[in-house]
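Residues per chain are reported as follows:
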Amino acid sequence: MRRAGIFAAAALLAALSARTSTAQTPGHPERKVVYKVAAVYPELAKRDHIRGVVRLEIVVGANGTVKSTKPLGGAPVLIPSAIDAVRKWRFEAASKETTEIVQVIFALPQS
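All figures in this text were calculated on a predicted structure; none of them were measured in a lab.

Caption draft 1: Quick peek at the environment of Ile 58. Here Ile 58 lies in strand E3 (residues 52-60). For Ile 58, a relative accessible area of 0% translates into the label buried. Sequence-distant contacts of Ile 58, that is, excluding residues within four places in its chain, are made with Val 66, Ser 68, Thr 69, Val 86, Phe 91, Thr 98, Thr 99, Glu 100 and Val 102.

Below is the structure:
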């Protein structure tokens, strides 16, 4: 019984989490994300039913780590959570650092 409760809680948490996706940057091929951390849906945003897309411009080092982030758009309450998650992402290695545009989608589950 306890195990079922844990699975139900995990499923609910996953449903309330933000979905993430990457968008291609003009001028060069998209670098593949090899490790992705989901953004945490802020409590204030959930309570007020705030959803949407946060767009970030990120600089990815040659080794695949995110060196810097710059918000390009999105609800201000969602931006910090998106930045926190994307800073933990890891991309495939490349010969030089690149600039990527990524999107973090915050969507409430369907009722």
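Next, the rest of the story.
Caption draft 2: Layout of the side chain of Ser 81. Its location among the elements puts Ser 81 in helix H3 (residues 79-86). At 2.3 Å, the side chain of Ser 81 and the backbone oxygen of Val 40 are in polar contact. With near-sequence residues (within four places) excluded, Ser 81 lies in contact with Ala 39, Val 40, Tyr 41, Pro 42 and Phe 106.

Caption draft 3: Quick peek at unusual backbone geometry. Despite not being glycine, His 49 shows a phi value in the positive range, around 55 degrees. Structurally, the position occupied by His 49 is in the loop between helix H2 (43-47) and E3.

Caption draft 4: Inspection of the packing of aromatic side chains at higher detail. The tally for this structure, following the rule as stated, stands at two aromatic pairs. Ring geometry for Trp 89 versus Phe 91: centroids 6.3 Å apart, planes at 50 degrees, classification tilted. When its relative accessible area of 0% is taken as the criterion, Trp 89 is described as buried.

Each value, and the rule that gives it
Residues numbered from 1 in each chain as written. Predicted model: local features only at pLDDT ≥ 70, side-chain atom pairs only at ≥ 80, totals over all residues. Heavy atoms only, no water. Helix = DSSP H or I, 4+ residues; strand = E, 2+ residues; numbered from the N terminus. Buried < 20%, exposed > 50% of the residue type's maximum accessible area, 1.4 Å probe, protein only. Contact = heavy atoms within 4.5 Å. Polar contact = N/O pair within 3.5 Å; in protein donor to acceptor, adjacent residues only side chain to side chain. Phe/Tyr/Trp six-rings, centres within 6.5 Å; stacked < 30°, edge-to-face > 60°.

Note that every value here comes from positions in space, so none of it alone points to a role or purpose.
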